Amino acid sequence: MTEINREGTTIALVNNKGGVGKTTTAVNLAACLADDGHRVLLVDLDAQSSASLSLGLTRANLFPGSAEAILDGVQPRDAIRASRISGLSIMPGSMSLASADIYLADVENRELVLHSALKQLRSEYDFIVLDCPPSLGLLTVNALTSADFFLVPVTPDYLGFEGLLNLMDAVDRIKAGIGKAGSFLGIVLTMADYRQNVTKEIGGAIRQKYGHLVFLTEIKVNVRLKEAPSFGKAINEYDKGCSGAKAYREFTKEALKRIDQGDFQLRRRYPEVRSNP
Ligand SMILES: Nc1ncnc2c1ncn2[C@@H]1O[C@H](COP(=O)(O)OP(=O)(O)OP(=O)(O)O)[C@@H](O)[C@H]1O
Ligand SMILES: [Mg+2]
């Protein structure tokens, strides 16, 4: 059987709604992929630095990071650190990202600066995971144009569902405007809490509306997932046996399956690096 070439496959975690599990999903997807033996780069595009801190980086170790690579011409390779997890590297995010929209306003091809920064790194990683801020500003637009796939975490509650409708609309408009953006990998229900009636009701409504686009795997509410970042650990390091760890391992398997099914799209976009002898 020919091995699939996933070189540089880039996945962005996108939702302009805050606190829906983008970072938790980015960190644990990246860590699970690395645990499976893949070479993974996690790029933190959020000024809150949550992904970087969740993997144990200290505030003193955030520079140079993604802001410097995107905005200041620092060599992208120089903005990357190894993490404690074998195979997982990180390009940290810092407060400097907060002014990205203003900084990039007059820059030519401002929607493509991240794409350019990542270009030379793609051959060095199997997967690049992008953790986006809770906005649809230029950093998220850059993530959408750099990504082969984008993933939308959503909490199954009323505002989560409402936000999803707007987000899908907005992403379509961005895609149409720029004419270049990744494919939709799917929606993942996060922090699902079945002690609340609304979860079943709204989760069901999301599944009914978006059908197979919604991942079968749900990430249920799990206190260990909430604790892990304060120890700077991915969930597999913090508590490999907890339900949150199992859910993210299952989710990663499902995501890989979806990516492999969509491999033809990858080849079409990057024929020079995707050709598989
Ligand atoms: N399945 C879960 N169970 C319990 N807590 C969770 C779960 N997933 C995420 N959390 C917690 O919920 C909070 C928000 O999650 P997270 O930071 O991943 O969201 P986000 O979408 O990245 O937020 P932001 O929009 O601010 O970047 C965090 O405190 C996180 O630890
Ligand atoms: Mg986040």
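The coordinates are above.
Residues numbered from 1 in each chain as written. Chains lettered and ligands numbered in written order. Predicted model: local features only at pLDDT ≥ 70, side-chain atom pairs only at ≥ 80, totals over all residues.

(A) Main features of the overall build of the chain. Along the chain, the regular secondary structure elements total 13 helices and seven strands. A globule of 277 residues ought to have a C-alpha radius of gyration of about 19 Å, and the chain, at 18 Å, matches this closely. The dimensions of the chain, computed from C-alpha atoms along their principal axes, are 50 × 50 × 40 Å. In the chain, which comprises 277 residues, the share counted as buried stands at 46%. For the chain, contacts bridging at least 24 residues in sequence account for 78% of all contacts bridging at least 6. (Helix = DSSP H or I, 4+ residues; strand = E, 2+ residues; numbered from the N terminus. Rg over C-alpha atoms; globule rule 2.2 N^0.38 Å. Buried ≥ 20, exposed ≤ 12 C-beta atoms within 10 Å, placed from the backbone. Contact = placed C-beta atoms within 7 Å.)

(B) Seen up close, the sheet that holds strand E5 (residues 127-131). Pairing within the open sheet is mixed, and its seven strands lie in the order E3-E4-E2-E5-E1-E6-E7. Among the strands making up the open sheet, the edge pair consists of strand E3 (81-82) and strand E7 (183-189). Across five bridges, strand E2 (residues 40-44) lies against E5 in parallel orientation. When the sheet's bridge partners are listed, Leu41 is paired in E5 with Ile128. Packing against the sheet, helix H1 (residues 22-35) makes contact with strand E1 (9-13), E2, strand E4 (88-91), E5, strand E6 (149-154) and E7, and its axis sits at approximately 165 degrees to E5. Packed onto the sheet, helix H11 (residues 243-261) meets E1, E6 and E7 and runs at close to 160 degrees relative to E7. (Pairing = 2+ DSSP bridges. Axes fitted to C-alpha atoms, helices over the stretch in contact; angles between N-to-C directions.)

(C) Layout of the environment of Lys226. Note that Lys226 resides in helix H9 (residues 223-227). Put simply, Lys226 and Val141 are 85 residues apart on the chain and 28 Å apart in space, counted from C-alpha to C-alpha.

(D) Inspection of the environment of Lys233 at higher detail. Its place among the elements puts Lys233 in the loop between H9 and helix H10 (235-238). In this structure the C-alpha to C-alpha distance between Lys233 and Lys119, which are 114 residues apart in sequence, comes to 28 Å. Ignoring sequence-local partners within four residues, the contact set of Lys233 consists of Gly56, Ala228 and Tyr238.

(E) Inspection of the site of ligand 1 at higher detail. Around ligand 1, the structure places 20 residues, and the nearest of them are Gly18, Lys22, Thr23, Thr24 and Pro134. Secondary-structure elements contributing two or more residues to the shell around ligand 1 are H1 and H9. Of all the elements, H1 adds the most residues to the shell around ligand 1, at three residues. A class-by-class count of the residues in the shell around ligand 1 yields seven nonpolar, ten polar and three charged. (Near = placed C-beta within 6 Å. Nonpolar A, V, L, I, M, F, W, Y, C, P; charged D, E, K, R; others polar.)

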